[in-house]
Amino acid sequence: MRLMRRCPEDGRYTLKQTCPRCGKQTLPAHPPRFSPVDRMVKYRIISRRGRAC
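Residues numbered from 1 in each chain as written. Predicted model: local features only at pLDDT ≥ 70, side-chain atom pairs only at ≥ 80, totals over all residues. Heavy atoms only, no water.

A. Inspection of the overall build of the protein at higher detail. Check the secondary structure of the protein and you find one helix and three strands. Along its sequence from the N terminus, the protein presents helices and strands in the succession β-β-β-α. A globule of 53 residues ought to have a C-alpha radius of gyration of about 10 Å, yet the protein, at 15 Å, is considerably larger. On the principal axes, the C-alpha backbone points of the protein span a range of 45 × 25 × 10 Å. Counting only residues that meet the buried cut, the protein has 9% of its 53 residues in that class. A sequence separation of at least 24 residues applies to 9% of the contacts in the protein between residues at least 6 apart. Element-wise, carbon and sulfur atoms account for 55% of the exposed surface of the protein, whose accessible area totals about 5,100 Å². (Helix = DSSP H or I, 4+ residues; strand = E, 2+ residues; numbered from the N terminus. Rg over C-alpha atoms; globule rule 2.2 N^0.38 Å. Buried < 20%, exposed > 50% of the residue type's maximum accessible area, 1.4 Å probe, protein only. Contact = heavy atoms within 4.5 Å. Areas by Shrake-Rupley, 256 points an atom, 1.4 Å probe, with all protein chains shown as cover.)

B. Up close: the pattern of salt bridges. With the rule as written, the count across this model stands at two salt bridges. Measuring nitrogen to oxygen at the nearest pair gives 3.4 Å for the salt bridge that ties Lys-24 to Glu-9. Taken together, the positions of Lys-24 in the loop between β2 (13-14) and β3 (27-28) and Glu-9 in the loop between β1 (5-6) and β2 put the pair 15 residues apart, joining distant regions of the chain. By relative accessible area, Lys-24 is classed as partly exposed at 42%. With its nearest N and O atoms 2.1 Å apart, the salt bridge here joins Asp-38 to Arg-44. (Salt bridge = Lys/Arg side-chain N within 4 Å of Asp/Glu carboxyl O.)

C. The arrangement of the sheet that holds β2 in detail. Pairing within the open sheet is antiparallel, and its three strands lie in the order β2-β1-β3. The open sheet has two free edges, formed respectively by β2 and β3, since each of these has just one partner strand. The sheet contact formed by β1 and β3 spans two bridges and is antiparallel. Residue pairing across strands places Arg-6 opposite Leu-27, the latter belonging to β3. (Pairing = 2+ DSSP bridges.)

D. Local environment of the side chain of Thr-26. Checked against the element boundaries, Thr-26 lands in the loop between β2 and β3. Within polar-contact distance, the side chain of Thr-26 engages the backbone oxygen of Gln-17 at 2.9 Å. Every residue in contact with Thr-26, bar those within four places of it in the chain, is listed here: Arg-5, Arg-6, Cys-7, Pro-8, Thr-14, Lys-16, Gln-17, Thr-18 and Cys-19. (Polar contact = N/O pair within 3.5 Å; in protein donor to acceptor, adjacent residues only side chain to side chain.)

Right under this line is the structure:
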């Protein structure tokens, strides 16, 4: 199964690794999966905020 990808430059959706319009690398259009038993969520939140507990 292939997921949709999105070009950060022009916002175009595609299934390819590179954008057919501008040739830049595409990113996954979907957020990462969430798990209620994820032990590392605390560290991801801290790194996203840029500060310590």
